[in-house]
Amino acid sequence: MSDFWLIVFAISVMLGAVGGAAVATWFERRLLGLWQDRYGPNRIGPFGIGQVAADMIKLLTKHDWVPPFADKWVFIFAPTAIVVAMLLGFAVVPFGPGLQIIDLNIGLLFFLGMTSLAVYSVLLGGLASNNKYALLGGLRSAAQMVSYEVFMGLSLMGVVMLSGSFSMADIVESQRDGWYCFSQFLGLFVFVIAAIAESHRLPFDLPEAEHELTAGFHTEYSGMKFAMFMLGEYLGLILISCMITTLFFGGWLAPFSLTFIPAIIWFSLKTFLVICFFILLRCAIPRPRYDQLMSLGWKIMLPITLINLVITGAVALWIAGA
Amino acid sequence: MRDLVESLVSQLRTIWTILLHTFTKAETVQYPEEKPYLAPRYRGRIVLTQDPDGDERCVACNLCAAACPPDCISLQQGTREEDGRWYPEFFRINFSRCIMCGLCEEACPTNAIQLIPDFEMCEYDRENMVYEKEHLMIDGPGKYHDYNFYRVAGMEIEGKKKGEAENEAEPIDVRSLLP
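The following refers to the structure shown. (Residues numbered from 1 in each chain as written. Chains lettered and ligands numbered in written order. Predicted model: local features only at pLDDT ≥ 70, side-chain atom pairs only at ≥ 80, totals over all residues.)

Here's the deal with the packing of helix H8 (residues 185-198) of chain A against helix H11 (residues 290-321) of chain A
If you want to describe how two helices pack, look at the angle between their axes and the distance between the axes.
Residues and elements named next belong to chain A.
Point 1. Contact geometry for H8 and H11: axes closest at 9 Å, N-to-C directions at 145°. Between H8 and H11 the crossing geometry is left-handed. Where H8 abuts H11, its residues Leu186, Gly187, Val190, Ile193 and Ala194 lie against Met301, Ile304, Thr305 and Asn308.
Point 2. A breakdown of the residues in the contact of H8 with H11 according to their chemical character gives six nonpolar, three polar and no charged. (Axes fitted to C-alpha atoms, helices over the stretch in contact; angles between N-to-C directions. Helix = DSSP H or I, 4+ residues; strand = E, 2+ residues; numbered from the N terminus. Left-handed = near helix turned anticlockwise from the far one by under 90°. Contact = placed C-beta atoms within 7 Å. Nonpolar A, V, L, I, M, F, W, Y, C, P; charged D, E, K, R; others polar.)

In structure tokens:
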């Protein structure tokens, strides 16, 4: 791609991601409604799609308030950090053959780094609010994300071993003779759980936990800053779904050699199904207690990841030797 | 280890059960478009009814106001000059206080006050929730079609002497010694 088309593509990816996140808020509520035997928002426009615009107008016209007891500049900076980090993460997502903003040879590490940066947003938001609930939410998010970060990265190393590359395009190409969701089943299992914890969505939304912490780290936020946190969360959901598709479900590769359908359609379809699965998890599973979350992470997920890593390494070496 | 497997299976079964709910129908009643069925004896808005002859039933005995738990009924008794019937000079129900308990209906000796299956009484101003007699009165007997209090009661009114009511015996002259 020439420079001009690259810029056009980058801007369209950014707008698409933000628009997708906005539509995801409505779509999630409709889908939750479907699974909870109700309708969800269905009043404005066809299927209630106008709810997105209505929410946007509401959030934009709300009083954008900085509490006098808050740490002003950090308070303002926190919501932007999560959006910027998540949007940067989209730079390495391969939407199709060659349809990638930048094919870094450390693409996977870049993605992990960007999701880690998003932790600062929650942490600083909770700290700067100068509010007990927000502080508790920030504290929880720090512990949760730092511990789940560990095996989120490790669970992907199996994929890296099999494909022999950190570049996202190479990882997709190496899945031509079999998606990694079969050979790296344990890795997928751990990565899905770690990814939910990392994007702090239900059932692992302990930083927010509206039943105990009112709204956790964004208790003091309103208006557009609150909307930025929400945007970041839904961008995270989409980014994580894109990553699961790319790393474990063959990215833009067509299954059963149905190549007459364009690659980008396959990629979108797979990502869409992964998003639906995340919403299903939110619908079905209750939130664990804080200590349960930590013991699940360190006592179960980390050993599973390490076992997976050892077995994958041994098999990869055995095949290479034979 | 067994606990771990059991809890994992339990979580997966939960996810599967929720997924099956894709095919169940929503329980929601789309209220303003789709009205729910209200039983004929539903306790909703309060009305004052008329007897089959088209005259108001209420005799202003004040029992409804006495029975009313939040004291939302107020009325003033008066006597009509031309036929001697009792009637309320004013009858006022403050629906912003009313709890639709139906105790007024049970207390009413003349079946005048009745609750009907209607609850849609929203107003923008609280004053509009105060219903006067002309708002409460309906042109009909409500749930009791044939009942007319003055036709069965012993009270004397214009056109009906003592002892002329239904099932009423002739008045006894208590000073007479005749059997």
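Moving on from the coordinates now.
Remarks on the environment of Arg2 of chain B
Point 1. Positionally, Arg2 of chain B belongs in helix H1 (residues 2-20).
Point 2. Each C-alpha atom of the pair Arg2 of chain B and Gly102 of chain B lies 58 Å from the other, and the pair is 100 residues apart in sequence.

Regarding the nonpolar core
Burial of nonpolar side chains together is a common tendency in soluble globular proteins.
Residues and elements named next belong to chain A.
Point 1. One finds Phe191, Ala194, Leu235, Ile238, Leu239, Ile244 and Leu247 to be the most contacted residues of the largest nonpolar core, which totals 83 residues.
Point 2. Here this core takes 15 residues from helix H9 (residues 223-248), the largest share from any one element.
Point 3. When residues no more than four places from it in sequence are discounted, the contact partners of Leu235 are Ala17, Ala21, Val83, Met86 and Leu87. (Core = buried A, V, L, I, M, F, W, Y, C linked by C-beta atoms within 7 Å. Buried ≥ 20, exposed ≤ 12 C-beta atoms within 10 Å, placed from the backbone.)

Side note on H9 of chain A
Point 1. Look at H9 of chain A: 37 Å from first C-alpha to last across 26 residues, which is about the 38 Å you get at 1.5 Å a residue.
Point 2. Taken across its 26 residues, H9 of chain A has 22 buried, putting it largely inside the fold. (Expected span 1.5 Å × (residues − 1).)

Points about the sheet that holds strand S5 (residues 130-131) of chain B
Point 1. With antiparallel pairing, three strands are arranged side by side in an open sheet as S2-S3-S5 (chain B). The two strands at the open ends of the sheet, each matched to only one other strand, are strand S2 (73-79) and S5 of chain B. (Pairing = 2+ DSSP bridges.)

Some words on the environment of Ile44 of chain A
Residues and elements named next belong to chain A.
Point 1. Of note, Ile44 is situated in the loop between helix H1 (3-35) and helix H2 (51-61).
Point 2. According to the C-beta neighbour criterion, Ile44 is partly exposed, with 15 such atoms within 10 Å.
Point 3. For the pair Ile44 and Leu306, spaced 262 residues apart in sequence, the C-alpha to C-alpha distance is 50 Å.
Point 4. When residues no more than four places from it in sequence are discounted, the contact partners of Ile44 are Gly50, Gln51 and Ala54.

As for unusual backbone geometry
Point 1. Of note in this structure, Phe47 of chain A is not a glycine but carries a positive phi near 60°.
Point 2. Despite not being glycine, Asn62 of chain B shows a phi value in the positive range, around 75°.
Point 3. With respect to the helices and strands, Asn62 of chain B occurs in the loop between strand S1 (46-48) and helix H2 (63-67).
Point 4. Residue Asn62 of chain B is classed as partly exposed on the basis of its 15 C-beta neighbours within 10 Å.

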